[in-house]
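These are the residues of each chain, in order.
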Amino acid sequence: MNEQSPHTPSRRKVLRTTAAAAGTGLGIGALGSVTAEAAAAAPAEAPSTAAAAPRRKGATMAGVPFAGRSTVRVGLIGLGNRGGSMIGLYLALPWVRVVAVCDPVREKAERAAAKVVAAGQPAPAVYTHGEDDYENLCARSDVDFVHVATPWDSHFPIARAAMLAGKHVGVECPVAMRLDELWELVDLSEQTRRHCMQLENCCYGRNEMRVLRMAHAGKFGRLLHGAGAYNHDLRALMFSPTYYEGPWRRRWHTQLRGDLYPNHGFGPVANYMDVNRGDRAVSISSFGTPALGLAEYREEHMPPGDPSWKESYIGSDRTISLVQTAKGRVIRLEHDVSTPHPYSRINSLGGTRGVFEDYPERIYLEPDHKDDRWGDFAAYAGEFDHWLWKEHANPPGGHGGMDYIMVYRLMQCMQLGLPPDFDVYDAATWTAPVPLSHASIKANGAPQEIPDFTRGEWRKARSGVDSVKPA
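On a predicted model such as this, the values are computed, not experimentally measured, just so you know.

Draft legend 1. The arrangement of the environment of R353 in detail. Take R353: it is sitting in the loop between β11 (348-351) and β12 (354-357). Every residue in contact with R353, bar those within four places of it in the chain, is listed here: K219, F220, G221, Y364, L365, E366 and P367.

Here it is in structure tokens:
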């Protein structure tokens, strides 16, 4: 079935409302009635602000808890490869109900709805009436959290619509594609008192969480450098006629030259270094190779007359970016989906006492190791594995279980009324390399300023992914 609300705003109305809010500094009252959750979320004291940041239009969302609830009601928008694989993880949690699903391809939405029923839950509302039907899902009164797993260009408008409708929202990577969109999401999160989170599953990988706890325990000494990447040969998938819903992902390589997918590498290293929680990313310098890989693959594999022959690729086959932090640390980011190579997110961290490198995992720490020989990273599991991985040693789902750990933890925070492990400021920071790396490459590697999306809150230490197990 498809449930429509006669009071649901049109997409044009959402755009006009947001533009008015951005242009006039509209407060929370103009965006709708303040709910009990919003009132509880407002902090008692005004936050400090950075001099160069735009004026804050609402109180900070840093450290703001969810309102606890016995049942978390979820709506999923986008039910392709990613969204379709995530729905089972929500259904695995007894305190979560999937109440609505949305995809313009009816078969995908109906397949997702069937999974909900098969799990013993009531049939969800199904939204399949065009590209904008997500607005009707967001307008429902029985949705607490919206999961967005759609093509990248729609992430921003859907996240915006969800917050304007009073919903917390989690968005697959990247959260938006432009710097002004990132600022607007920050502003809207603060105005509506709703969290907007980047659903960065790699932050919940077992290795990443172990390194995080070791870093916070001082095992690496004083941190100096880290590296992360998305080096994944996607040529066959990007040219597949069935894997993606159309050529949307490949076509981004005709528009931007920089790092299109920095979050998987940037998020974990930012967590190690407490970026936005005691340090911040200040600038980025990016360099890119010629764009040759996709054209060569097309030459070898695509028949004459295929629509891809009309495309001209400008996206660098490999981008390498250097991010400088306020404390002088350096983070190296890489992106390469256009050439043949084994999968790697690099995932490295170094300090004054040693270094960890992943793919394959290896570690060298003083005084544990010597003679220039790598040590066994598994030896640190007993002491430093995160409580989530000790509690869920064999989690279900894809990507080695990190997807489930992410969903479990987020839904736990919503149920118990805890702050999320990361927030809109992290989402904006981890995604900022998308537009800024493009600008830097166009400027021959000239550094680009990374905005302080927290407006000064980064100076305050606060909790993150290295959480304490709830009592």
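Following the structure, the description resumes.
Draft legend 2. Inspection of the pattern of salt bridges at higher detail. One pass over the structure, following the stated rule, counts 30 salt bridges. Across the salt bridge formed by E334 and R318, the nearest N and O atoms sit 2.8 Å from each other. Taken together, the residues E334 in strand β10 (residues 330-336) and R318 in the loop between α12 (293-301) and β9 (319-325) connect sequence positions 16 residues apart. You can call E334 buried: its relative accessible area is 11%. Under the relative-accessibility criterion, R318 is labelled partly exposed at 25%.

Draft legend 3. Main features of the sheet that holds strand β13 (residues 362-365). The mixed open sheet is built from 8 strands, whose spatial order is β13-β12-β11-β7-β10-β9-β8-β14. For this open sheet the edge positions go to β13 and β14 (448-449), each flanked by a neighbour on one side alone. Pairing analysis gives 4 bridges linking β12 to β13, with the strands arranged antiparallel. Counterpart to F356 in the pairing with β13 is I363.

Draft legend 4. Quick look at the packing of aromatic side chains. For the structure on display, the rule yields 16 aromatic pairs. Between F422 and W430, the aromatic rings sit 5.2 Å apart at their centres with planes inclined by 70 degrees, giving edge-to-face as the arrangement. Through successive ring pairs, a cluster of aromatic residues spans W152, Y230, Y243, Y244, W248, W252, Y261, Y343 and Y359. Across the ring face of W374, the terminal group of R362 is positioned such that the distance to the ring centre comes to 5.3 Å.

Draft legend 5. Summary view of the sheet that holds strand β2 (residues 96-102). The strand order across the open sheet built from 6 strands is β3-β2-β1-β4-β5-β6, with neighbouring strands paired in parallel fashion. Unpaired on one side and paired on the other, β3 (125-127) and β6 (196-198) mark the two borders of the sheet. For this sheet, the mean inter-axis angle between neighbouring strands, taken without regard to orientation, is 25 degrees. For strand β4 (residues 145-148) and strand β5 (residues 168-171), the ladder comprises 4 bridges, and the chain directions are parallel. From the neighbouring strand, H147 faces β5, where its bridge partner is G170. Running over the sheet, helix α15 (residues 402-416) touches β1 (72-77), β2, β4, β5 and β6 and is turned about 140 degrees from β1.

Draft legend 6. Region of interest: the packing of helix α3 (residues 81-91) against helix α4 (residues 106-118). The geometry of α3 relative to α4 is characterised by a closest axis approach of 10 Å and an angle of 20 degrees between their N-to-C directions. In terms of orientation, α3 and α4 fall into the roughly parallel class. Of the two possible hands of crossing, α3 and α4 adopt the one that is right-handed. Contacts between α3 and α4 pair G84, I87 and L91 from the former with A112, K115 and V116 from the latter. Grouping the constituent residues of the contact of α3 with α4 by class yields 4 nonpolar, 1 polar and 1 charged.

Rules used in this analysis
Residues numbered from 1 in each chain as written. Predicted model: local features only at pLDDT ≥ 70, side-chain atom pairs only at ≥ 80, totals over all residues. Heavy atoms only, no water. Helix = DSSP H or I, 4+ residues; strand = E, 2+ residues; numbered from the N terminus. Contact = heavy atoms within 4.5 Å. Salt bridge = Lys/Arg side-chain N within 4 Å of Asp/Glu carboxyl O. Buried < 20%, exposed > 50% of the residue type's maximum accessible area, 1.4 Å probe, protein only. Pairing = 2+ DSSP bridges. Phe/Tyr/Trp six-rings, centres within 6.5 Å; stacked < 30°, edge-to-face > 60°. Lys NZ or Arg CZ within 6 Å of the ring centre and 35° of its normal. Axes fitted to C-alpha atoms, helices over the stretch in contact; angles between N-to-C directions. Parallel < 35°, antiparallel > 145°, perpendicular 65-115°, else oblique. Left-handed = near helix turned anticlockwise from the far one by under 90°. Nonpolar A, V, L, I, M, F, W, Y, C, P; charged D, E, K, R; others polar.

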